[in-house]
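Residue strings, one per chain:
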Amino acid sequence: MKRALKSAVDGIGTGIKFLTASRFFWYVLFAFIAYLGYQRLTKPKEETFLELPLPDSGSGIPKGWNPNPLVEEFHAYFDSWFGNSDDLRDSYIKALSLTDDQFHTMVQTYNAKYGKKDSATLWTRVTSWKKILFSWSGDQQQRMENRMITLKLNY
């Protein structure tokens, strides 16, 4: 029994020596450590997901209004590979027609639901799609960015 255990330990030691002698192992290890560092550095700060006070103390939110359908529209577009830019424009138009409190709530809901998972807030998603849209001039996108800046939601 003792001999079999010694043989197994020696076999594992030989395997580790063989593995670490390879340059490929060190390249993969370095790439993995770099990836973990990148993930850590690009992760949004925890204060990004804290609930901020509403601009009009919630008086601009109609009873029964729910931000989730619009949040899901934005996420569906940003999460897809083949999104139609007209769908994004329509989502911008809907978002821009909201009151300040509704808009604020919609942005915070998006960030709370998808910001940690995707490591991207609604602000970073909106600004990253600049100059990618070909079928329209992007006026709504600029208006969306301006409104987010005005309400201090550009994080």
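Note: the structure precedes this text.
Per chain, residue numbering runs from 1 following the sequence as it is written. A pLDDT threshold of at least 70 governs which residues receive local features in this predicted model, and a stricter bar of 80 or more applies before side-chain atom pairs are shown or counted, although totals over entire chains, interfaces and linings include all residues. Calculated side-chain values reflect all of the structure's heavy atoms, with hydrogen atoms and water omitted.

1. Quick look at the packing of aromatic side chains
What counts here: The rule is short: rings of Phe, Tyr and Trp, with Trp giving its six-membered ring, pair when the centres are within 6.5 Å, and they are stacked under 30 degrees, edge-to-face over 60, tilted in between. Three exposure classes are used, based on accessible area relative to the maximum for each residue type with a 1.4 Å probe and protein chains only: buried under 20%, partly exposed in between, and exposed over 50%. Only DSSP runs of H or I reaching four residues or more are called helices, and only runs of E reaching two or more are called strands; each is numbered from the N terminus.
Within the structure shown, the criterion is met by five aromatic pairs. A ring pair is formed by Tyr-77 and Phe-78, whose centres lie 5.8 Å apart and whose planes are at 75°; its orientation type is edge-to-face. Residue class for Tyr-77 comes out buried when judged on its relative accessible area of 8%. Pairing Tyr-110 with Tyr-114 gives two aromatic rings, centres 5.4 Å apart and planes at 55°, and the pair type is tilted. Linking Tyr-110 with Tyr-114, this pair stays in helix 5 (residues 100-118), spanning four residues, or about one helical turn.

2. Quick look at the side chain of Arg-125
Heads up, the rule is: What makes two residues a contact is simply this: any of their non-hydrogen atoms within 4.5 Å.
Along the chain, Arg-125 falls in helix 6 (residues 122-128). According to the relative accessible area criterion, Arg-125 is buried, its value standing at 16%. Sequence-distant contacts of Arg-125, defined by excluding residues within four places in its chain, comprise Phe-78, Tyr-110, Asp-118 and Ala-120.

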